[in-house]
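# Overview (structure and organization)
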Amino acid sequence: MIFKGLEVSVTGMAAQRIRIDISSSNLANVNSTRTEDGQPYRRKIPVFQAILDQESKTPVYKVKIPEVIEDPSPFKLKFDPSHPDADPQGYVAYPNVDPLREMVDMMSAIRTYEANLTAFNTHKDMLIKSLELIRV
């Protein structure tokens, strides 16, 4: 029971790490006009889920990412008739990835990760101090 706070912070950090990885992948594929299926890369979005810990006497929520979905928004069209992936009208479909949005998402994920790390360290320090008091 006394370690539930640590567990909550760890699940939060794990979820934010996945969020950072997904944003990084989106940024890396911002110019990928053709994937294995022949379509441009489609932006990925993590789906967060709160999990209620039934073992606790007080409600404790953990977080996980059960799935990653694709953003259904339309691709960006750019006129470039010389591009090998241009359609008959000369337009190239680029991924629906907005680099600015991805950077903001990544910064938010980093800050949330840091907040979970601070909560983890604070809880750990309180446990250590409690053990020191008991020992004396």
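Being a predicted model, the structure only gives us computed values, none of them experimental.

Applying the stated criterion across every chain yields a total of one aromatic pair. The aromatic ring of Phe75 is capped on one face by Arg42, whose charged end is 4.2 Å from the ring centroid.

Moving on, we come to the environment of Ile69. Looking at the element boundaries, Ile69 is found in strand S2 (residues 61–70). Given a relative accessible area of 36%, Ile69 falls into the partly exposed group. In this structure, the C-alpha to C-alpha distance between Ile69 and Gln49, residues 20 residues apart in sequence, is 13 Å.

All right, on to the side chain of Glu102 then. By secondary structure assignment, the location of Glu102 is in helix H2 (residues 99–135). Looking at Glu102, its side chain comes within polar contact range of the side chain of Arg43, at 2.4 Å. When sequence neighbours within four positions are dropped, the list of residues in contact with Glu102 reads Ser23, Asn26, Leu27, Arg43 and Val97.

Bringing the side chain of Lys4 into the picture now. Note on placement: Lys4 falls in helix H1 (residues 4–28). Within the structure, the side chain of Lys4 is placed 2.7 Å from the side chain of Asp53, a separation counted as a polar contact. The contacts of Lys4, once residues within four sequence positions are left out, are Asp53, Glu55, Ser56 and Lys62.

In total, this model carries eleven salt bridges according to the counting rule given. A salt bridge links Glu102 to Arg43, with the nearest nitrogen and oxygen atoms 2.4 Å apart. With Glu102 in helix H2 and Arg43 in the loop between H1 and strand S1 (44–52), this pair connects stretches of sequence that are 59 residues apart. Taken as a pair, Glu102 and Arg43 share a single burial class, namely buried. Taking the shortest distance from any N to any O, the salt bridge between Lys44 and Glu70 comes out at 3.5 Å. Here Lys44, found in strand S1, pairs with Glu70, found in strand S2; they are 26 residues apart in sequence, far enough to count as distant.

A cluster of nonpolar residues, Leu77, Phe79 and Tyr91, forms a patch on the protein surface that exposes about 340 Å² of accessible area. Along the chain, Leu77 falls in strand S3 (residues 76–79). The exposed category is assigned to Leu77, whose relative accessible area is 61%.

About the thresholds
Residues numbered from 1 in each chain as written. Predicted model: local features only at pLDDT ≥ 70, side-chain atom pairs only at ≥ 80, totals over all residues. Heavy atoms only, no water. Phe/Tyr/Trp six-rings, centres within 6.5 Å; stacked < 30°, edge-to-face > 60°. Lys NZ or Arg CZ within 6 Å of the ring centre and 35° of its normal. Helix = DSSP H or I, 4+ residues; strand = E, 2+ residues; numbered from the N terminus. Buried < 20%, exposed > 50% of the residue type's maximum accessible area, 1.4 Å probe, protein only. Polar contact = N/O pair within 3.5 Å; in protein donor to acceptor, adjacent residues only side chain to side chain. Contact = heavy atoms within 4.5 Å. Salt bridge = Lys/Arg side-chain N within 4 Å of Asp/Glu carboxyl O. Patch = residues over 30% accessible without salt bridge, like charges linked within 9 Å, V, L, I, M, F, W, Y side chains within 5 Å. Areas by Shrake-Rupley, 256 points an atom, 1.4 Å probe, with all protein chains shown as cover.

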